[in-house]
Amino acid sequence: MKTFNRIALVVAVLGVLGACSQKSSMDPAQQTGAAPALPGARNFLVPPMQVPVFAGWSAGQAPKVAAGLKIEKIASGLMHPRQLYALPNGDILVVESNGPGTEPVTTPKQLIANKIKGLSGKGAKGGNRITLLRPTGQPGEWQKFVYVEHLHSPFGVQLIGDTLYVANTDAIVRFPYVAGATKITAPAVEFTDLPATINHHWTKALVASPDGRKLYVGVGSNSNITENGIDQEYRRATVLEVDVASAGSRIYASGIRNPTGLQIEPHTGTLWAVANERDEIGADLVPDYLTSVREGGFYGWPYSYFGQHVDTRVSPQRPDLVAKAITPDYALGSHVAALGLLFSDTNALPAKFQNGAFVSEHGSWDRSPLSGYAVVHVAFAQGRPVGKPEPVVYGFHSDDESKLYGAPVGLAQDKDGALLIADDVGNAVWRVTAAGAP
């Protein structure tokens, strides 16, 4: 009876929302690059929602790839794999995680949104662990070992020397690293705490500086536009810089609503991020983005978006901060939910996918037609993005947008140059190479 009631509730909600659904009026290509088209903002009593229902991958089914590529599954049966990290010896770490479930429901709108988004499979329980994958040298799935357990909504991972740092939702913890070991038995040691109240955005992206002296942490906001109160946004919507020697931290950059992927651009040594922007002002607002992250820079949230476009919903207004807001370098499209970032100079893909950034787009929940649900490549020249995003992997949902098979999140490159993709809805890891490559 409970199951029936739940289904009835969801069907009823979908019917109501379907009556007020909002379709995009723009070609997605108009909203990518350095100067995206930005229409006027709209306001809604209930935000339009469109979420494909979880179906998972059937036997032999896989995402689609661009011409000249091939894809294979190297791991399955995982528990919500979110991040990937390549170790120096060729092993791959898979972070299996989801949110801690501690965010309070404060409005009917939020309750409805949570119900709808839950249908997609994106809210599945995470493993709170790290699994190690080891290549076998043969086609098919790699060896799989439970590497670290009993974590607390982990996301970012970094190895510095013989110490492995893991960003739980509330703290960075550290473990001793031994090359070749298939399990860490030592207990976690807390390194430094991280903002954790409410946890509207729970993920904590992590990357080390090239010299290993600093860790950069992406900390998302506790709300869409401060509806939980500005006091709940202390050290949120920021990139924090943590000193490895002392564990002390400071705000490196601010006003980035949800910096979910951090990487160092290899030619310039500059810190870059992908970020998820705000919701509920239209299918074509606001574009998520890829940007360099300047020390001391302010990127607008919550007072403005994509530079100095004022969000009139925020009170009080802060024109002094809007005047300082930095325009992001490169728009990726509205509501694509960019989560993963990987710079790659050389790899096992064709030439057009060299020297640039791969970005995973987890996919929209409040837009029609759907956006994201793909891995794209953004070419770079002289340390800057150029051109339009090039699709690399797609086909994570059915053509009629009703079923969701998977959704891409973390990215890594293996020792042979293949692109690896964590799929947290399909509970798999995919490996992409040029067609004909081993």
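Everything below is about the structure printed above this text.
All values derive from a computational prediction rather than experimental measurement. (Residues numbered from 1 in each chain as written. Predicted model: local features only at pLDDT ≥ 70, side-chain atom pairs only at ≥ 80, totals over all residues. Heavy atoms only, no water.)

**Points about the overall build of the protein chain**
Note the cut-off: Each helix corresponds to a stretch of at least 4 residues labelled H or I by DSSP, and each strand to a stretch of at least 2 residues labelled E; elements are numbered beginning at the N terminus. Here the globule rule reads 2.2 Å times residues to the power 0.38, and the radius of gyration is calculated from C-alpha atoms. Any two residues having at least one pair of non-hydrogen atoms within 4.5 Å are treated as being in contact. The accessible surface values rely on the Shrake-Rupley method and a 1.4 Å probe; as for residues, cover is taken only from the protein chains in view. Just so you know, the count uses Lys and Arg for positive and Asp and Glu for negative, and it drops His and the chain ends. Charge coordinates come from a single atom per side chain, which is NZ of Lys, CZ of Arg, CG of Asp or CD of Glu.
When its secondary structure is counted, the protein chain shows three helices and 30 strands. Rg of the C-alpha trace for the protein chain: 20 Å, near the compact-globule value of 22 Å for 438 residues, within the 12% margin. Once the C-alpha set of the protein chain is aligned to its principal axes, its extents read approximately 55 × 50 × 45 Å. Taking contacts inside the protein chain between residues at least 6 apart in sequence as the whole, the part at least 24 apart equals 62%. As displayed, the protein chain offers around 17500 Å² of accessible surface, 54% of which is attributable to carbon and sulfur atoms. In the protein chain, the 37 positive side-chain charges and the 38 negative ones have mean positions that sit 3 Å from each other.

**Examining the sheet that holds strand 18 (residues 287-292)**
Put simply, the rule reads: In short, DSSP must find at least two bridges between two strands for them to pair. Lines fitted to the C-alpha atoms define the axes, with helices restricted to the stretch that makes contact. Angles between their N-to-C directions range from 0 to 180 degrees.
Sheet architecture is open: four strands sit in the order 16-17-18-21, paired in antiparallel fashion. The sheet terminates laterally at strand 16 (259-264) and strand 21 (330-334), the two strands that pair on one side only. Across the sheet, the mean angle from the axis of one strand to that of its neighbour is 15°, orientation sign disregarded. For strand 18 and strand 21, the ladder comprises four bridges, and the chain directions are antiparallel. Along strand 21, the bridge assignment pairs Tyr289 with Ala331.

**Re the pairing of strand 14 (residues 238-243)**
A regular strand places its side chains on the two faces of the sheet in alternate fashion. Test applied: Remark: exposure states derive from per-residue accessible area (1.4 Å probe, protein chains only) relative to the maximum for the residue type, with buried under 20%, exposed over 50%, and partly exposed in between.
Summarising burial for strand 14: five of the six residues are buried, a large majority. Inspection of the sheet shows strand 13 (residues 214-219) paired to strand 14 by six bridges, in the antiparallel sense. From the neighbouring strand, Val217 faces strand 14, where its bridge partner is Leu240. Strand direction decides the pairing type here: strand 14 and strand 15 (residues 249-254), joined by five bridges, are antiparallel. Note that in strand 15 the partner of Glu241 across the bridge is Arg250. Between strand 14 and strand 15, which pair antiparallel one after the other, the connecting turn spans five residues, and Ala247 there sits at a positive phi close to 70°.

**Considering the nonpolar core**
Going by this rule: Definition of nonpolar core: a set of buried residues of the types Ala, Val, Leu, Ile, Met, Phe, Trp, Tyr and Cys, connected through side-chain atoms within 4.5 Å.
Grouped together as the largest cluster of nonpolar side chains are 25 residues, with contacts concentrated most on Val393 and Leu419. Elements represented by at least two residues in this core include exactly strand 3 (69-75), strand 26 (390-394), strand 29 (419-423) and strand 30 (428-434). Setting aside residues up to four positions removed in sequence, Leu419 forms contacts with Leu342, Leu349, Phe358, Val375, Val392, Leu411, Ala412, Trp430, Arg431 and Val432. Residues Val207, Tyr252, Leu262 and Ile264 belong to the second largest nonpolar core, which totals 20 residues.

**Concerning the sheet that holds strand 29**
Strands pair in a sheet through their backbones, by hydrogen bonds, and they do so in one of two ways: parallel or antiparallel. Reading across from one edge, 3-30-29-28 is the order of the four strands in this open sheet, with antiparallel pairing throughout. Of all the strands in the sheet, just strand 3 and strand 28 (408-413) have a single pairing partner and so form its edges. For this sheet, the mean angle separating the axes of adjacent strands, direction not counted, is 25°. By the bridge criterion, six bridges tie strand 3 to strand 30 in an arrangement that is antiparallel.

**Some remarks on the side chain of Ser344**
Note the cut-off: Two N or O atoms count as a polar contact when they lie within 3.5 Å, although within protein this holds only if one can serve as hydrogen donor and the other as acceptor, and sequence-adjacent residues are included solely when both atoms are side-chain atoms.
Topologically, Ser344 is positioned in strand 22 (residues 338-344). Residue classification places Ser344 among the buried positions, given a relative accessible area of 2%. Within the structure, the side chain of Ser344 is placed 2.8 Å from the side chain of Asn347, a separation counted as a polar contact. Reaching out from Ser344, the side chain makes a polar contact with the side chain of Gln413 at a distance of 2.6 Å.

**What about the environment of Gly127?**
Looking at the secondary structure, you find Gly127 in the loop between helix 2 (108-118) and strand 6 (129-134). Note: C-alpha distance between Gly127 and Glu96 (31 residues apart in sequence) is 4.9 Å. Setting aside its immediate chain neighbours within four residues, Gly127 contacts Met79, Glu96 and Ser97.

**Quick word on the pattern of salt bridges**
Here is the rule we go by: Should a side-chain nitrogen of Lys or Arg be within 4 Å of a carboxyl oxygen of Asp or Glu, the pair is scored as a salt bridge.
Evaluation of the coordinates by the stated rule reveals 19 salt bridges. Asp243 is the partner of Lys214 in a salt bridge, and the nearest nitrogen-oxygen pair spans 3.0 Å. Of the two residues, Lys214 sits in strand 13 while Asp243 sits in strand 14, which places them 29 residues apart along the sequence. For Lys214, a relative accessible area of 22% corresponds to the partly exposed category. Residues joined by salt bridges that share partners form a network here, namely Glu72, Asp414, Asp416 and Arg431.

**A few points about empty space enclosed by the protein**
Applied cut-off: Cavity means a closed set of points on a 1 Å grid over the protein atoms alone, one where a 1.4 Å probe fits but cannot get out, pocket means an open set with protein on both sides within 12 Å along at least 5 of 7 lines, and lining means a residue has an atom within 4 Å of a point. Grid points are joined across faces, edges and corners, and a volume is the space filled by probe spheres set on the points. Amino acids are sorted into nonpolar (Ala, Val, Leu, Ile, Met, Phe, Trp, Tyr, Cys and Pro), charged (Asp, Glu, Lys and Arg) and polar (every other residue, Gly among them).
Evaluation of the coordinates by the stated rule reveals two cavities of 30 Å³ or more. Along the walls of the second largest cavity sit Glu265, Pro266, Phe343, Ser344, Asp345, Asn355, Gly356 and Phe380, which together make up its complete lining. Looking at the lining of the second largest cavity residue by residue, the class counts come to three nonpolar, three polar and two charged.

**Section: the environment of Trp272**
In this structure, Trp272 sits in strand 17 (residues 271-275). The exposure class assigned to Trp272 is buried, which follows from its relative accessible area of 1%. A sequence separation of 122 residues divides Trp272 from His150, and the C-alpha atoms of the two residues are 30 Å apart.

**Re unusual backbone geometry**
Cis geometry marks the peptide bond from Leu285 to Val286, where omega comes out at 5°. Mapped onto the elements, Val286 comes out in the loop between strand 17 and strand 18. Residue Pro369 follows Ser368 across a cis peptide bond; omega there is 0°. On the secondary structure map, Pro369 appears in the loop between strand 23 (356-361) and strand 24 (374-381). With a phi close to 65°, Glu401 is a non-glycine residue in the positive phi region. Along the chain, Glu401 falls in the loop between strand 26 and strand 27 (403-404).

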